[in-house]
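Understanding the architecture of this molecule
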Amino acid sequence: MNWDPWIPVLVVASSLLPGLLIFSLAEERVRLRTVLNLLGAFIKFGLVGLMAWGIYNGHHYEMRVALLPGLELVLRAGPLSLLFVTLSALLWLVTTIYAIGYLEGSPHRSRFFGFFSLCVTATVGVALSGNLFTFLLFYELLTLATYPLVVHRGTQIARQGGRTYLIYTLFGGALLLLGTVWLYSLTGTLEFTPRGFVSGLGAEHETALIIIFILLIAGLGVKAALFPLHGWLPQAMVAPAPVSALLHAVAVVKAGAFGIIRVVYDVFGVETAASLGVTAPLAALAAFTIIYGSLRAIFQDDLKRRLAFSTVSQVSYIILGTAIAGPIATIGGVVHLVHQGLMKITLFFCAGNLAETLEIHKISEMNGVARRMPWTMAAFTIGAFGMIGVPPIAGFISKWYLGLGALEAEQHWVILVLVGSSLLNAAYFLPILYRAWFREPPSSWPADHDFGRKETAWALLLPPVVTAAFALGVGLLASLPFSPLEWAKLIAEREFYRP
Amino acid sequence: MLALLTDIPWAIVLILLPLTAGMVSFVFPRLAKGLSLGTVLITVLAVAGLGWQLHYIYGGTYQHAIGGWGAPLGIDLHADGLSLLMLTLTALVALGVSVYSSVYFTREQAIRFWPVWLFLLAALNALFLAADIFNLYVTLELLGLSAVTLTALLGGKAALDGAMRYLLATLLGSLSYLLGVALLYHSYGSVDIAILAARVEATPAVWAALGLMGAGLMLKTALFPLHFWLPRAHASASAPVSAVLSALAVKASFYILLRLWLAIFSPLAESAASLLGVLGAVAILWGSLQALRQTRLKLLIAYSTVAQIGYLFLAFPLAVATAMPAWNAAAYLALSHALAKSAMFMVAGNLLRFGSHDRIADLDRVVQRLPLTASAFALAGVSIMGLPPSGGFIGKWLLLETALGQGRWDLAAVMLIGGLLAAGYVFKVLGHAFTEASVTHVAGAVPRTMEWAAFLLALAAVLLGLLAAPVLSWFDLSEVAGMQGVSP
């Protein structure tokens, strides 16, 4: 029997089943819950590794189930899917360890980990979707599964944050649904195809296609926090730190950005999109979001809010790379999907460590904190330098290819945006680093939880150090096979050069 | 053994069994609970058996002349894909409601509940199997009266007030319908649907009959603006009864309307289709807005029913051009709404039992304290909002696809706005269920059976979304819709 079609299903199931089991566990079954979580995460990681190896050797992973006449649920692992799946699987594993440490002793952990696993399931589903219909299904599931995590703490502020989140995302979901159904009624297919499937439509549908493009991008732009649809992201920071880390640095915002990549490349196709004249405005909007997010970040004193606005800015690099619509810029945008995830999750982990260990939430409280927590702040520093674009950290690679791509596509204004944004990144990250490393620490911290000789619990310390090492590693070793950059090149090649 | 099972006339079992069981349990109240649960279980089997017979023996349509007297003299039973759909929906909800009721009522209430509930079940099954418009009237009246009795079951001012409104509305509706029946009988000398379908022409009498029957059925279905009786009646009844009323009772009159429309009236009145569509659209918006405004959970759920009924009527104008996807959408919406809404009313019953109130703002951390009930509400809500992967989503997708295919942007916009408003009222409840209320209250015990009944119904509504292909081919509506004379 050929097992290949079942592997993508198993990848989805490896977080779904533990999640459902965890829901039914009593609160005090800590060990069993931890085992289930880690087992699922390791199995998923192993399966993803298997798929990567398989695709390299020419295997084809695809599962189809008919849902309605003409509509199928399709899970398929291509290079682009695999890039996102690998990122999600790796970061789920790391974040699970972090969350176990972070939530130790706090209430409702079964519910938390249950929904957490559902979120990862939805993210992996988004990544593996082989058509827009399947994508929509998992995309909405992600909205639903994230809501309980945002309101997890059950306070009035959490409820407000959750409400804002829902208003934005459900509205976006409705636009996406409208665009998808409309597209389906025109083309009769929703299958993701390299270089798109809409080019066969005649010129009389041009206006309709432009509106569909706007609808889809608006629906996806909500999750990708594209200006002016970004308002939910800073508010959703009321969620516990692991949620902010995985969901708002990786899963949710990336699902939006990934969707935009899909729409531009595999629904419309770059050429059709460019000839419709929709990529240039998208690039302009992304560029504006980059600058705007950075500017807003400078004025935040709350650490998580500053990081949230930084996310707003950084995710738009991906969109910018996509919308420049040239092969090299595509590499930059796609690779940033991974790079930004690694760097931003590091930063959020560190912010969580500060909050959990010393109850520091504000940047103004961070004077000299590096002396108390050197490892945490070292990881933070790598993440921050990476965001600014200091070589050889991952962020530099993304910006380098974005810049080259812009020159190749003769869009010189992008260079200005990149430079300006890098300066702004420096303007909001360097003061934090300066405070942490060079200012005198205060006589006492807001609170100081003692962890013996370690600066904090190992489960909290290990994840940021690992992800920081990855952020450094993917930059240093970018030209090795299987590095994110090499995958991104493969994806760009498939989109632009394959016959 | 298998041959025996396939030979049983399941359609007759579906009518006679609950009727007999109802009478027996009226006489021997001590047997009532066991008898009813057994009856409902057999009903589920009987529907499955009938479905099997329809598919593999009768080739889609089943016709049975009781006592060998065929129409126009005798009474015929008729079953096809549409009947099967409604019977299945009834059996599933009835199973959930019966399990729920077996622990919900006090001994005193239960004595009165079971016989009436079984009569209601018999009426519903007979209604979905009736082949002529007079039998439809008889079963509709039996249904209405037993439903009113169940509404008044709890006693007290609110219940009696709600039941009284319901009684007046349902009598008025039946009367109007009966007048229409009389007109048609007078003009064409038959009440058999098939015979009428062959004979009717666009005469003033037929128009009057259409108007009278349509208005009566719309009143009973609670289509805007004739929905005024529904929120009070549904909100004041006990939880399992509200579930039955919202999930099944309104669907029965909708079924008659749909049946008459497909068989008799649709060739005559395309303009009526667009009127129904407009009323449906207004119902969606008005019902959802009202639901959003409510502060009591049961009223919120009741107004949500007003809105959801609106979706069913959007299929009428869309089916004029492309019949099949539109009727499939309506079927799917009806099925998933029945499951989801009965689950929601059961959740309301659980919460009422838990906190002795249903004020939404004071739902005190229900998510933590009754996780199963809260997840039942959430799952049912997913289907009501029409989010994937629920049955409601499939229905909405099909409807939206049809609307966009015909360029009906107005209807598409209404559907999307309705979905967003539904999300508004569902998450309003869920948000409060997560947070601590200012007033804490002593928690009453909620039996696990009640929690599981609600949860499983809600889960079924969601899983329905993943089974669209087999479900749609099992309830094959193409032949029923084919009577309309417009093929897709």
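Since the model is a prediction, treat every value here as computed from it, not as a measurement.

Bringing the overall build of chain B into the picture now. Counting secondary structure elements, chain B contains 21 helices and two strands. Since a compact globule built from 488 residues should have a radius of gyration of about 23 Å, the 21 Å found for chain B is in line with a globular shape. Principal axes of the C-alpha set define a box for chain B whose edges measure 65 × 55 × 45 Å. Within chain B, buried positions represent 60% of all 488 residues. Long-range contacts, defined here as pairs at least 24 residues apart, represent 80% of the contacts in chain B between residues at least 6 apart.

Moving on, we come to the overall build of chain A. Assigned secondary structure in chain A consists of 19 helices and two strands. Taken over the C-alpha trace, chain A has a radius of gyration of 21 Å; the compact-globule value for 499 residues is 23 Å, and the two agree within 12%. Projected onto its principal axes, the C-alpha coordinates of chain A cover approximately 70 × 50 × 45 Å. Here the analysis covers contacts within chain A between residues at least 6 apart in sequence; of these, 81% occur between residues at least 24 apart.

What follows deals with the packing of helix α6 (residues 133-151) of chain B against helix α7 (residues 157-188) of chain B. All names here are of chain B. Across the interface, α6 lies against α7 with an axial gap of 9 Å and an inter-helix angle of 175°. For the element pair α6 / α7, the angle class is roughly antiparallel. Two secondary-structure elements touch here, α6 through I133, F134, Y137, L140, E141, G144, V148 and T151 and α7 through A159, G162, A163, Y166, L167, T170, S174, Y177, L178, V181 and L184. Of the residues belonging to the contact of α6 with α7, the class tally is 13 nonpolar, five polar and one charged.

The next subject is the interface of chain A and chain B. Each side of the interface is counted separately: chain A has 25 residues, and chain B has 24 residues. Listed by contribution, the elements that provide at least two residues to the side of chain A that touches chain B are β1 (61-68), α5 (132-150) and α6 (156-187) of chain A. Among the elements that make up the side of chain A that touches chain B, the one with the highest residue count is α6(A) (13 residues). Classifying every residue of the side of chain A that touches chain B by side-chain character gives 16 nonpolar, six polar and three charged.

Residues and elements named next belong to chain B. Considered domain by domain, chain B is made up of domain 1 (1-267) and domain 2 (269-474). Its C-alpha centre places domain 1 at a distance of 22 Å from the equivalent point of domain 2. With 34 residues of domain 1 at the contact, the number on the domain 2 side is 37 residues. For the side of domain 1 that touches domain 2, the secondary structure elements donating two or more residues are α4 (81-104), α9 (204-221), α10 (230-236) and α11 (239-265).

With that settled, consider the nonpolar core. Residue and element names in this part refer to chain B. Core analysis: the biggest nonpolar cluster contains 397 residues, and A315 and A343 have the highest contact counts within it. For this core, the two domains that each supply at least three residues are domain 1 (1-267) and domain 2 (269-474). Apart from residues no more than four positions distant in its own chain, A315 is found in contact with A326, W327, A329, A330 and L399.

Let's shift gears to the confidence of the model for chain B. Residue and element names in this part refer to chain B. For chain B, per-residue confidence averages 87 on the pLDDT scale, and 96% of positions sit at 70 or higher. Segment residues 483-488: pLDDT under 50, and twelve contacts once partners within four positions in sequence are set aside and those in other chains are kept. If you check the scores for this complex, the pTM reads 0.90 and the ipTM reads 0.87.

All names here are of chain A. Most of strand β2 (residues 71-77) is tucked away, with five of its seven residues classed as buried. Judged from the seven bridges that link them, β1 and β2 form a sheet pairing that is antiparallel. Bridging across to β2, M63 finds its partner in L75.

Below, the discussion takes up the environment of B:L466. Inspection of the secondary structure puts B:L466 in the loop between α19 (448-463) and α20 (468-474). In the structure, B:L466 is positioned 64 residues away from B:T402 in sequence and 20 Å away in space, judged by C-alpha atoms.

Below, the discussion takes up the environment of B:L127. All names here are of chain B. Relative to the assigned elements, L127 resides in helix α5 (residues 107-129). For the pair L127 and A412, spaced 285 residues apart in sequence, the C-alpha to C-alpha distance is 33 Å. Aside from chain neighbours lying at most four places away, what touches L127 is L136, T139, L140, L143 and A252.

This part takes up α11(B). Three- or four-residue spacings in an α-helix give side chains the same orientation, since the helix completes a turn every 3.6 residues. All names here are of chain B. Compared with the 39 Å implied by 1.5 Å per residue over 27 residues, the 37 Å span of α11 between its first and last C-alpha is a close match. Bending of α11 peaks at approximately 35° at the position of L245. The buried fraction of α11 is high, at 26 of 27 residues.

Residue and element names in this part refer to chain A. Checked against the element boundaries, A325 lands in the loop between α12 (303-324) and α13 (327-358). The spacing of A325 and T164 is 161 residues in sequence and 33 Å in space, taken between C-alpha atoms. In contact with A325, other than residues within four places in its own chain, are V270, A273, A274, T279 and A409.

For helix α18 (residues 409-434) of chain B, which comprises 26 residues, the first-to-last C-alpha distance of 37 Å matches the rise-based estimate of 38 Å (1.5 Å per residue) to within 8%. A large share of α18(B) lies buried, amounting to 19 of its 26 residues.

Our next topic: the pairing of strand β2 (residues 76-79) of chain B. Residues and elements named next belong to chain B. Both faces of β2 are covered, namely the face carrying D76 and H78 and the face carrying L77 and A79. Looking at chain direction, strand β1 (residues 62-65) and β2 are connected through four bridges and run antiparallel. The residue bridging H64 from the neighbouring strand is L77, located in β2.

The subject of this paragraph is the packing of helix α11 (residues 279-298) of chain A against helix α17 (residues 413-438) of chain A. Residues and elements named next belong to chain A. Where α11 contacts α17, the two axes come as close as 9 Å, and the packing angle between them is 15°. Taken together, the axis directions place α11 and α17 in an arrangement best described as roughly parallel. Seen from above, α11 lies across α17 with left-handed handedness. Between α11, through A287, I290, I291, S294, L295, A297 and I298, and α17, the contact on the second element is made entirely by V414, V417, G420, S421, L424, N425, A427 and Y428. Within the contact of α11 with α17, the residues separate by chemical class into eleven nonpolar, four polar and no charged.

A cis geometry characterises the amide bond from A:F227 onward to A:P228, with omega recorded as 0°. Topologically, A:P228 is positioned in the loop between α7 (206-223) and α8 (232-235). Look at the link from B:P388 to B:P389: it is a cis peptide, with omega at 0°. Phi is positive for A:A225, which is not a glycine, with a value near 60°. Examined against the element boundaries, A:A225 turns out to sit in the loop between α7 and α8. Even without being a glycine, B:S356 presents a positive backbone phi close to 50°. Assignment of secondary structure puts B:S356 in the loop between α14 (323-355) and α15 (366-369). Take B:S356: there are 11 C-beta atoms within 10 Å of it, and that puts it in the exposed class.

Reading guide: rules and limits
- Residues numbered from 1 in each chain as written.
- Chains lettered and ligands numbered in written order.
- Predicted model: local features only at pLDDT ≥ 70, side-chain atom pairs only at ≥ 80, totals over all residues.
- Helix = DSSP H or I, 4+ residues; strand = E, 2+ residues; numbered from the N terminus.
- Rg over C-alpha atoms; globule rule 2.2 N^0.38 Å.
- Buried ≥ 20, exposed ≤ 12 C-beta atoms within 10 Å, placed from the backbone.
- Contact = placed C-beta atoms within 7 Å.
- Axes fitted to C-alpha atoms, helices over the stretch in contact; angles between N-to-C directions.
- Parallel < 35°, antiparallel > 145°, perpendicular 65-115°, else oblique.
- Nonpolar A, V, L, I, M, F, W, Y, C, P; charged D, E, K, R; others polar.
- Domains from an automatic or database assignment.
- Core = buried A, V, L, I, M, F, W, Y, C linked by C-beta atoms within 7 Å.
- pLDDT = per-residue confidence, 0-100.
- Pairing = 2+ DSSP bridges.
- Expected span 1.5 Å × (residues − 1).
- Bend = angle between axes of the 7 residues up to and from the residue.
- Left-handed = near helix turned anticlockwise from the far one by under 90°.

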